[in-house]
Amino acid sequence: MACANTSWSEENFSCSICLDVFSSPVTTACGHNFCRTCITKFWDEQVRYKCPVCNKLFNTRPDLQVNTFLSELAAQFRTTVRVKEQPCDEPAEVPCDVCTGTQQKAVKSCLVCFTSYCQTHLEPHQVVARLQKHRLVEPMDRLEDLMCKKHDRLLELFCQTEQVCVCLLCTVTDHKSHPVVPLKEEYEVKTAQLGKIEADVPQKIQERKQKIKEIKDTVELSNKDADREIAQGGQVFTALIGCVEKGRDEFNQTVQEKLKSTVKRAEDLIKELEQEIEDLTNRSSEVKRLSHTEDHLHFLQTFRSLKDPPPTRDWTTVEVRPPSYVGTLRRSLDQLEETLNMEMKKLCDAELKRVQKYEVDVTLDPDTAYPMLLLSEDGKQVHDGGVVKELPDNPKRFTYYRCVLTRQSFSSGRFYFEVQVKNKTAWWLGVARESINRKDKTERTPKTGYWTLWYDKHGLVFSNDPDVRLPLRAGLQKVGVFVDYDEGLVSFYDVEARVHIYSATGCTFTEPLYPFLNPHQHYGGRNSAPLIISPVNQTD
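Note that residues are indexed from 1 along each chain, following the sequence as it is written. A pLDDT threshold of at least 70 governs which residues receive local features in this predicted model, and a stricter bar of 80 or more applies before side-chain atom pairs are shown or counted, although totals over entire chains, interfaces and linings include all residues. Only hydrogens and water are removed before side-chain values are computed, so all heavy atoms of the structure are retained for them.

Points about the overall build of the protein
Consideration 1: Summing up its helical and strand segments, the protein has eight helices and 23 strands in all.
Consideration 2: Scaling as 2.2 N^0.38, a compact globule of 540 residues should have a C-alpha radius of gyration of about 24 Å, whereas the protein reaches 52 Å, well beyond that.
Consideration 3: Taking the principal axes of the C-alpha coordinates as reference, the protein spans close to 180 × 80 × 55 Å.
Consideration 4: Long-range contacts, defined as pairs at least 24 residues apart, comprise 57% of the intrachain contacts of the protein with a sequence gap of at least 6.
Consideration 5: Surface accessibility in these figures is a Shrake-Rupley result with a 1.4 Å probe; residues are shielded only by whichever protein chains are displayed. Put simply, the protein shows about 33,800 Å² of open surface, and 53% of that area lies on carbon and sulfur atoms. Counting from the N terminus, the helices are the DSSP runs of H or I reaching at least four residues and the strands are the DSSP runs of E reaching at least two. Two things to know: the radius of gyration comes from C-alpha atoms, and the globule rule equals 2.2 Å times the number of residues to the power 0.38. Any pair of residues with heavy atoms lying within 4.5 Å of one another is described as a contacting pair.

Here it is in structure tokens:
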């Protein structure tokens, strides 16, 4: 028992009323001990006689006798209670709780006295008849942990129901109906389990080390992928920036050339006008000079040359108009758009090839199919048969919409599948969560568990609130559906045209997702073609 355990021993030799070491201790019928004076005074102040510890009621005031055995122990303990705690000479061994000064090594521990004794202080337990009945064990530390806190009895049994150690009295009170076994028996069972656990530990350690390696490898691969994406993206954006700059330069050059042409025409016209002004000014001067001459011969000879004016342009119809730039910027942007579309097509083609690598093999589940639907034997095709079949009631079956799910579901990672919609005038496909309403009319949006495209005579739409109307794709024959569960992404592709149709981003998935198909009504044969889950052709 540790050096600090003297307080425990003192507590067990103390009256629970005065909290001092017993003086003339007496024992009640319920087994609790008190000083005679303390319990007498306590009962003198009570209307009913009860135990101060467990509150057991007595019909009459008990006639108490001094417990001589406990009195002897209390007297013996009183001689040691003043001993201060001192450091153990040998911390690894259990010291005697009675020794004063230097504590000797204990040779036995008493489970009745909650005290450990050296050979000298053990002698009373070997010679006193009453003490000889105490249970002595090999020296043990923290003896209080061996005792039931409720009954002050030795914990020597194990309750298999609540998996706790109990004393004998526990088996007739709180654990009355529970199976119990000796501690040794349960110890052997638990030891065997411990052996298995011990054997499992290295394997679990190895598994976790392997998982660490996998995670590190994933991080390394992610870094490489990110570097590659950044490099490729940088090349694309650099090329696009070059296209934009080239378009800007060509646009500026076109405008400048138009302006230059207009300025040159204006300059030429101004030069011509200035020349005519100069000619007319000279003619005016000559006319003035001639009008003042009195030389008849000179006048008549000169007048002949002035009679016919020099040829001039009719400037009333001549004008310089500012250059028109109408359509110039649009044509530049059209050219840029064409370039961007070419780059976008390249990117979409590369993106589609990438997601097609996540192809999954899925088959339609007949237990979910609307009663009018007909499924192929291989579970890859579905169309509207036009006749309601008598089918067993199944909570998984759609009973309002012409829908069917696949047998397979996905709760993590990425997956991709393709559906042929060729020759159909109406269809509806995508993915749906497991808990969707299959029995009644409902909104078909992400909020209700649907991430789907639908198509009819009105066009192509991503079902949402509000719907997202998409450009109608001529000749749409096959739709690819890609889902990244962890990223919350659902994307749709025109497989034949190698074009991205639409992506729903920021989705929250908390339950399994199922590929979802609805071939719609056959409309008198106009929409009788089936929806077909097709294998991915990587050369598309």
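Comments concerning helix α6 (residues 183-291)
Consideration 1: The terminal C-alpha atoms of α6 lie 151 Å apart, and with 109 residues this matches the ideal 162 Å at 1.5 Å per residue to within 8%.
Consideration 2: The largest bend in α6 is about 25°, located at V201, with the proline P202 one to four residues further on. Expected helix span is given by 1.5 Å per residue-to-residue step, counting one fewer step than there are residues. Here the bend at a residue means the angle between the axes of two seven-residue stretches, the one that ends at it and the one that starts at it.

Regarding the sheet that holds strand β12 (residues 381-384)
Consideration 1: In short, DSSP must find at least two bridges between two strands for them to pair. If you trace the seven strands from one edge of the open sheet to the other, you get β11-β12-β23-β14-β19-β20-β21, paired in antiparallel fashion. Two strands close off the open sheet at either side, each with one partner strand: β11 (373-375) and β21 (499-504). Across this sheet, the average inter-strand angle for adjacent strands is 20°, counted without regard to direction.
Consideration 2: Direction of pairing for strand β14 (residues 414-420) relative to strand β19 (residues 478-484): antiparallel, over a ladder of seven bridges. The partner of F415 across the bridge, within β19, is V483.
Consideration 3: In this analysis, axes come from line fits to C-alpha atoms, helices being fitted only over the stretch in contact, and the angle between any two N-to-C directions falls in the range 0 to 180 degrees. Sheet strands in contact with helix α8 (residues 328-356) are β14, β19, β20 (489-494) and β21, and its direction is about 110° off that of β14.

Side note on a nonpolar patch on the surface
Consideration 1: By definition, no residue in a patch forms a salt bridge, and every one has over 30% relative accessible area; like charges are joined within 9 Å, nonpolar side chains (Val, Leu, Ile, Met, Phe, Trp, Tyr) within 5 Å. Think of a salt bridge as a Lys or Arg side-chain nitrogen and an Asp or Glu carboxyl oxygen that are within 4 Å of each other. On the surface, a cluster of nonpolar side chains totalling about 350 Å² of accessible area is made up of L194, I197, V201 and I205.
Consideration 2: With respect to the secondary-structure elements, L194 resides in helix α6.

Re the pattern of salt bridges
Consideration 1: Taken as a whole and assessed by the stated rule, the structure comprises 25 salt bridges.
Consideration 2: Here D334 ties to R330 by a salt bridge, and the two come within 3.2 Å at their closest N and O atoms. One end of the pair is D334 and the other is R330, both in helix α8 and four residues apart, which spans about a single turn.
Consideration 3: For each residue, the accessible area found with a 1.4 Å probe, counting protein chains only, is set against the maximum for its type, and the residue is called buried under 20%, exposed over 50%, and partly exposed in between. Looking at D334, the relative accessible area reads 34%, which means it is partly exposed.

Side note on the pairing of strand β22 (residues 513-518)
Consideration 1: Counted residue by residue, β22 has six buried out of six residues, so it is predominantly covered.
Consideration 2: What you see with β22 is no split at all: L513, P515 and L517 on one side and Y514, F516 and N518 on the other are buried throughout.
Consideration 3: Sheet topology places strand β13 (residues 404-405) next to β22; two bridges connect them, and they run antiparallel. Within the sheet, the bridge partner assigned to V404 lies in β22 and is L517.
Consideration 4: Judged from the six bridges that link them, strand β15 (residues 427-433) and β22 form a sheet pairing that is antiparallel. By the bridge assignment, V431 is partnered in β22 with P515.

Thoughts on the packing of aromatic side chains
Where two aromatic rings form a pair, the distance of their centres and the angle of their planes describe that pair.
Consideration 1: Working definition: a ring pair exists when centres of Phe, Tyr or Trp rings (six-membered ring for Trp) sit within 6.5 Å. Plane angles under 30 degrees give stacked, over 60 give edge-to-face, the rest tilted. In this structure the tally under the stated criterion is 15 aromatic pairs.
Consideration 2: Residues Y401 and W428 carry aromatic rings whose centres are separated by 5.8 Å and whose planes lie at 85° to one another, so their mutual orientation is edge-to-face. Here Y401 is found in the loop between β12 and β13, whereas its partner W428 is found in strand β15, with 27 residues between them in sequence.
Consideration 3: With 5.5 Å between their ring centres and 80° between their planes, Y450 and F516 make a pair best called edge-to-face. Residue Y450 is found in strand β16 (residues 450-456), and its partner F516 is found in strand β22; the two are separated by 66 residues along the sequence. Each member of the pair, Y450 as well as F516, is classed as buried.
Consideration 4: The criterion is that NZ of a Lys, or CZ of an Arg, lies within 6 Å of the ring centre and within 35 degrees of the ring normal, and then a charge sits over that ring. Positioned over the ring face of Y401 is R444, at 5.2 Å from the centre of the ring.
Consideration 5: The side chain of R444 reaches across the aromatic face of W428, ending 4.1 Å from its centre.

Here we look at unusual backbone geometry
Consideration 1: The residue after D465, namely P466, is reached through a cis peptide bond having omega 5°.
Consideration 2: Not every positive phi belongs to a glycine, and Q163 is a case in point at roughly 55°.
Consideration 3: Relative to the assigned elements, Q163 resides in the loop between β8 (157-159) and β9 (164-166).
Consideration 4: Looking at Q163, the relative accessible area reads 42%, which means it is partly exposed.
Consideration 5: Of note, N423 is a non-glycine position whose phi angle comes to about 70°, a positive value.
Consideration 6: Mapped onto the elements, N423 comes out in the loop between β14 and β15.
Consideration 7: Residue class for N423 comes out exposed when judged on its relative accessible area of 62%.

Structural notes on the state of the cysteines
Note on terminology: disulfide describes a covalent bond linking the sulfur atoms of two cysteines.
Consideration 1: Any cysteine sulfur atom paired with another within 2.5 Å is treated as part of a disulfide. Scanning the entire structure with this criterion turns up zero disulfides.
Consideration 2: Of all cysteine sulfurs, the one in C99 lies closest to C96, which takes part in no disulfide; the gap is 3.6 Å.

Brief notes about the confidence of the model for the protein
Consideration 1: Across the protein, pLDDT averages 86, with 94% of residues at or above 70.
Consideration 2: Values of pLDDT, which run from 0 to 100, indicate the predictor's confidence residue by residue. Contacts from residues 1-8, a stretch scored under 50 in pLDDT, to residues over four places away or in other chains number 28 contacts.
Consideration 3: Here residues 81-92 is a poorly scored stretch, pLDDT under 50, and it has 16 contacts once near neighbours within four places are set aside; other chains count.

Observations concerning the nonpolar core
Consideration 1: Each nonpolar core is a collection of buried residues, namely Ala, Val, Leu, Ile, Met, Phe, Trp, Tyr and Cys, held together in the definition by side-chain atoms within 4.5 Å. In terms of nonpolar packing, the biggest core is built from 38 residues, with W427, W451, V479 and F492 touching the most fellow members.
Consideration 2: Beyond its immediate sequence surroundings of up to four residues, V479 is in contact with F417, E418, V419, V421, W427, L429, L453, F492, Y493 and V495.
Consideration 3: Of all hydrophobic cores here, the second largest spans 27 residues; its members include F22, F34, C38 and C99.

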